[in-house]
Every structure is written in structure tokens, then in C-alpha cells.
Amino acid sequence: MRFIPLLVILTISIISALFINHNIEKFEKRHFYLISLVYLTFLGMILFTPISFDGTSVYVMSAGVGHVNLHQLDIIDIGFAENIILTIPLGFLIKNLFSHVSVLSMAFTGFMIGSGIETAQYYLSHFFLINWTSDINDVLANALGIVIGAILMVTYEYIVNRKATRFAK
């Protein structure tokens, strides 16, 4: 029962990969979508299954309901930095899909996504015993990672557009 979320994630990923491979003809676009799907699958596996890693090894956490931390801020921690790094590509992808959205709106979006992830972890932890702790630090780190990813996307687009206008002249 603890691995039902993993089976759901893998099933959705396989179906999505088959759909992308069958329906997207342009190689670059298909390649981008498949790489994005691999990232999102990896992210889902890390966030919503009892599979975890500590930077050096992958392991299966013991069954449990986890804890909730809404008060103790600990932003000077390796876990905080790991969560930022984990969500930077997500901010890059969201900003790529919704290029018209401002970076300020991305901060709100990042906060909502981080809150959604932690809420889902809370309920999945209680229902499937995946033993994840819901933590305010993770919400903040996820929001910060998404904002950094969005800023990187804006910077990337600026550099590409600047080079394109320079070569067009």
C-alpha cells in the first residue's frame, strides 16, 4: 500500500512519455518535453513516495505519518538548500510555459506550489504511511527555488534575444 503513489506516478509518466513520443513530431520539442517529464517523474518520486535520499544514498523510509513543523524556521540547513536546488528546474519550466507571468507572480506561484506539495505530503503520509514531514522551511525553499528558476529563464531569454538581435543587424 505504501508504494501506490509510486505506481501512480510511474503509470502517468509512462502514458505521458508514450503520448509525447507519438504526437510530438519536432525533435527539439519532443526532446524538451521528455527531459521535462523525466525531471517531473523524479520530483514526484522524491516528494510523494517513501523513497528518499540523503545526498549520498537512496533508501526506503520506514512506515509512519511524519511530523508537521509550522513554527521553527531553519533556513541555514543543507535540506533547505537541497529543496531550493530541487525546484529551480520547476521554476524554469513554469516560466517557460507561462512566459507572460511576472517574476513577482512566480513568487506567489512558488509559495502556492510549495504549500500544495507539503499539504499533499501530509495527507499521503497519513493515508499511505510514507513518513514525510510537512515543513514550513520546505514551503519557503520551494518558493525560492521556483523564483530562482524563473529568474534564470528570464535571464536566458534575454541573452538569447540579445544575441539574435545582434546577429540580425
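Residues numbered from 1 in each chain as written. Predicted model: local features only at pLDDT ≥ 70, side-chain atom pairs only at ≥ 80, totals over all residues. Heavy atoms only, no water.

**Things to note about the environment of Leu 93**
As a reminder of what qualifies: Under the DSSP-based scheme used, a helix requires at least four consecutive residues in state H or I and a strand at least two consecutive residues in state E, with every element numbered from the N terminus. Relative accessibility decides the category of a residue: with a 1.4 Å probe and only protein chains considered, values under 20% of the type maximum give buried, values over 50% give exposed, and everything between is partly exposed. The contact criterion used throughout is that any non-hydrogen atoms of two residues lie within 4.5 Å.
Residue placement: Leu 93 occurs in helix α3 (residues 78-97). What makes Leu 93 buried here is its relative accessible area of 13%. Through-space distance from the C-alpha of Leu 93 to that of Gly 114 is 15 Å; in sequence the pair is 21 residues apart. Every residue in contact with Leu 93, bar those within four places of it in the chain, is listed here: Phe 32, Ser 36 and Tyr 39.

**Points about the packing of aromatic side chains**
Condition: For Phe, Tyr and Trp, rings pair up if their centres lie within 6.5 Å, where Trp contributes its six-membered ring, and each pair is then called stacked (planes under 30 degrees apart), edge-to-face (over 60) or tilted (otherwise).
Within the structure shown, the criterion is met by four aromatic pairs. Judged by centre distance (6.3 Å) and plane angle (55°), the rings of Phe 92 and Tyr 156 are tilted. Highlighted residues: Phe 92 in helix α3 and Tyr 156 in helix α5 (residues 136-168), separated in sequence by 64 residues. Measuring from centroid to centroid gives 5.3 Å for Tyr 122 and Tyr 123, while their planes differ by 85°, and the two rings are edge-to-face. For Tyr 122, a relative accessible area of 33% corresponds to the partly exposed category. When its relative accessible area of 55% is taken as the criterion, Tyr 123 is described as exposed.

**Here we look at α3**
Counting along an α-helix, one turn takes 3.6 residues, and residues three or four places apart therefore face a common direction. Selection rule: An expected span of 1.5 Å times one less than the residue number is assigned to each helix. Axes are fitted to the seven residues ending at a residue and to the seven starting at it; the angle between these axes is taken as the bend at that residue.
An ideal rise of 1.5 Å per residue puts 28 Å on 20 residues; α3 measures up with 30 Å between its terminal C-alpha atoms. Of all the bends in α3, the greatest, near 30°, is centred on Thr 87, and the proline Pro 89 appears no more than four residues after it. Three or more residues of α3 are buried, namely Phe 80, Asn 83, Ile 84, Leu 86, Thr 87, Leu 90, Gly 91, Leu 93, Ile 94 and Lys 95.

**Side note on the layout of surface pockets**
The test is simple: Buriedness of a pocket was judged along seven lines, with at least five required to meet protein on both sides within 12 Å; pockets are open sets of points on a 1 Å grid over the protein atoms alone, cavities are sets where a 1.4 Å probe fits but cannot get out, and lining residues have an atom within 4 Å of a point. Grid points are joined across faces, edges and corners, and a volume is the space filled by probe spheres set on the points. Here the term charged refers only to Asp, Glu, Lys and Arg, the term nonpolar to Ala, Val, Leu, Ile, Met, Phe, Trp, Tyr, Cys and Pro, and the term polar to all other amino acids, Gly among them.
Of the voids in this model, the largest pocket is the one considered here, and its volume is about 540 Å³. Forming the walls of the largest pocket are 22 residues, and the residues nearest its centre are Gly 79, Glu 82, Asn 83, Trp 132 and Asp 138. Listing elements by their share of the lining of the largest pocket, those giving two or more residues are α2 (27-48), β1 (51-53), α3, α4 (103-128) and α5. Of the residues forming the lining of the largest pocket, the biggest block, five residues, is contributed by α3. Here the lining of the largest pocket is composed, by residue class, of eight nonpolar, seven polar and seven charged. Along the walls of the second largest pocket sit Pro 5, Ile 9, Leu 40, Leu 43, Gly 44, Leu 47, Phe 48, Leu 90, Ile 113, Ile 117 and Leu 124, which together make up its complete lining. Every element with two or more residues in the lining of the second largest pocket is listed here: α1 (4-23), α2 and α4. When residues in the lining of the second largest pocket are grouped by element, the largest group, five residues, is from α2. Considered class by class, the residues forming the lining of the second largest pocket number ten nonpolar, one polar and no charged.

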